[in-house]
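Structural overview for review
Each chain, written out:
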There are 2 protein chains.
Amino acid sequence: MTNQLNSISLANAVSQLSKLPGIGEKTALRLALHLLRQDKETAIALGQSIIDMRNNVTYCSRCHNISESEICEICSDHRRDEKTICVVETIKDVLTIESTREFKGLYHVIGGVISPLDGISPSDLEIESLIKRVEQEGIREVILALNPTIQGDTTNYYIFRKLAPYDVEISILARGLSIGNELEYTDELTLGRSIQNRIPFSETFHKDE
Amino acid sequence: MTNQLNSISLANAVSQLSKLPGIGEKTALRLALHLLRQDKETAIALGQSIIDMRNNVTYCSRCHNISESEICEICSDHRRDEKTICVVETIKDVLTIESTREFKGLYHVIGGVISPLDGISPSDLEIESLIKRVEQEGIREVILALNPTIQGDTTNYYIFRKLAPYDVEISILARGLSIGNELEYTDELTLGRSIQNRIPFSETFHKDE
């Protein structure tokens, strides 16, 4: 359909937009025509924001989170607990954990999980740099917050073994019932884990403070 | 979630992307992170293509189709039949009809249909300019190709009445079975219309040439 487009600029924008994940040629055309109906400023602001983002955003050399400077805002915030590192797979996981406002330490984005089938080995991930941080920054606790999948568990275990020589506490996110979910719809594995790891009821009072 | 974004440029791109129709904040974030994982060139090419499109694309002053010049490519193509105008609602309809390769005349994009409930009256549409073209360009046939809806039919009739004083043939797209569709799933109205407008079987041989 786009070869009927009466404008090279439009055809080009459609072809660029349709490279985005989940956006086919028809949706790309719909988006482009929408942008043509908008104010010139609105459409140009979108294009410019993408260019600016790609030019400005880089990765924090310490935790590999996104950043606009050498060291990201989280790493350079001295109010945070610099002795605790939360290990996550992706940048998105940093955002998700930050949105809980429950964690005040630093992060380390390893960039994925070990998955031999997908050709991802430990050396493809930021694990060496994590070990180095533990070594050099006097880290007291490493919280493993990878996704609760087989690959996540494998990676957790790999990191756990790698950190064994160091005097650092290694913890993992609790597995259990989702708040608001019904028992009936919780899978057996999670339910089983939540029975094993049951906690004294009195502890829950303190946690909600 | 975006207020946790560690980068103003990223937050800005996400907010711009989420203004697009059908793209929420989560999808916008997914798209932005995807662009950050791409080559710098790829991401910047997308942003630039949107800016270029909005700067270059304008509307043909004759048929109101999109164009990169005063008069669009279709209108300035002298191999086309300049005495036949196909009236459509939107630019997208031009693309759809062009993709059939069955029409060699010119277009006139009226920009919508008469719909008092939505506050769209004939003066909001490019109908006056259509009448003017019929008058000045010696048009022989006007093909009404609006969508087969009540509003489309109303607008067809309005145009038909407006063109009554002129010596011009006015035709409308055939209503009938969709090719490849089963009779059982065709709605009664369309099926009824296709019985009324049945054509000699022998004619179909010529049409398929």
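Residues numbered from 1 in each chain as written. Chains lettered and ligands numbered in written order. Predicted model: local features only at pLDDT ≥ 70, side-chain atom pairs only at ≥ 80, totals over all residues. Heavy atoms only, no water.

**Re the overall build of chain A**
- Across its full length, chain A holds 8 helices and 6 strands.
- Going from N to C terminus, chain A has its helices and strands arranged as α-α-α-β-β-β-α-β-α-β-α-β-α-α.
- Its C-alpha atoms give chain A a radius of gyration of 23 Å, more than 25% over the compact-globule value 17 Å for 209 residues.
- Once the C-alpha set of chain A is aligned to its principal axes, its extents read approximately 70 × 45 × 40 Å.
- Counting only residues that meet the buried cut, chain A has 42% of its 209 residues in that class.
- For chain A, the computed accessible surface area is about 12,200 Å², with 52% contributed by carbon and sulfur atoms. (Helix = DSSP H or I, 4+ residues; strand = E, 2+ residues; numbered from the N terminus. Rg over C-alpha atoms; globule rule 2.2 N^0.38 Å. Buried < 20%, exposed > 50% of the residue type's maximum accessible area, 1.4 Å probe, protein only. Areas by Shrake-Rupley, 256 points an atom, 1.4 Å probe, with all protein chains shown as cover.)

**Considering the confidence of the model for chain A**
- For chain A, the mean per-residue pLDDT works out to 88, and 93% of the residues sit at or above 70.
- Scoring the predicted complex yields pTM 0.72 and, for the interface, ipTM 0.74. (pLDDT = per-residue confidence, 0-100.)

**Observations concerning the sheet that holds strand β6 (residues 169-172) of chain A**
Residue and element names in this part refer to chain A.
- What the 4 strands build is an open sheet, ordered β4-β3-β5-β6; its pairing is parallel. What marks the edges here is a single partner per strand, and that holds for β4 (105-109) and β6. The average angle at which neighbouring strand axes cross in this sheet is 25°, direction not considered.
- Relative to β4, strand β3 (residues 81-88) runs parallel, the two being bridged by 5 bridges. By the bridge assignment for β4, D81 is matched with G105.
- The strands touched by helix α4 (residues 91-100) within the sheet are β3 and β4, with β4 carrying the most contacts at an inclination of about 155°. (Pairing = 2+ DSSP bridges. Axes fitted to C-alpha atoms, helices over the stretch in contact; angles between N-to-C directions. Contact = heavy atoms within 4.5 Å.)

**Looking at the interface of chain B and chain A**
- Each partner contributes residues to the interface: chain B has 58 residues there, and chain A has 58 residues.
- Of the roughly 5,500 Å² buried between chain B and chain A, counting both surfaces, carbon and sulfur atoms make up 68%.
- Summed over the shared surface of chain B and chain A, the number is 14 residue pairs in polar contact (both at pLDDT 80 or more).
- Listed by contribution, the elements that provide at least two residues to the side of chain B that touches chain A are α1 (8-17), α2 (25-37), α3 (40-56) and α4 (91-100) of chain B.
- No other element matches the 16 residues that α3(B) contributes to the side of chain B that touches chain A.
- When its residues are assigned to classes, the side of chain B that touches chain A shows 29 nonpolar, 18 polar and 11 charged. (Buried area = accessible area lost by both parts, 1.4 Å probe. Polar contact = N/O pair within 3.5 Å; in protein donor to acceptor, adjacent residues only side chain to side chain. Nonpolar A, V, L, I, M, F, W, Y, C, P; charged D, E, K, R; others polar.)

**A word on the packing of aromatic side chains**
Residues and elements named next belong to chain A.
- Inspection of the entire model under this criterion finds 4 aromatic pairs over all chains.
- On the basis of an interplanar angle of 70° and a centroid distance of 5.2 Å, the ring pair of F103 and Y107 is categorised as edge-to-face. Summarising the burial analysis for this pair, F103 and Y107 share the class buried. (Phe/Tyr/Trp six-rings, centres within 6.5 Å; stacked < 30°, edge-to-face > 60°.)

**Topic: the pattern of salt bridges**
- Under the counting rule described, the total for this entry stands at 12 salt bridges over all chains.
- The partner of A:K162 in a salt bridge is A:E128, with the nearest N and O atoms 3.7 Å apart. Of this pair, A:K162 sits in helix α6 (residues 150-163) while A:E128 sits in helix α5 (residues 128-137), and the two are 34 residues apart along the sequence.
- You can call A:K162 partly exposed: its relative accessible area is 33%.
- The shortest N-O distance in the salt bridge between B:E137 and B:R133 comes to 3.2 Å. Here B:E137 and its partner B:R133 are both found in helix α5 (residues 128-137), 4 residues apart, which amounts to about one turn of the helix. The burial state of B:E137 is the same as that of B:R133; both residues are buried.
- What emerges from the salt-bridge pattern is a single network uniting A:R62, A:E82, A:R133 and A:E137. (Salt bridge = Lys/Arg side-chain N within 4 Å of Asp/Glu carboxyl O.)

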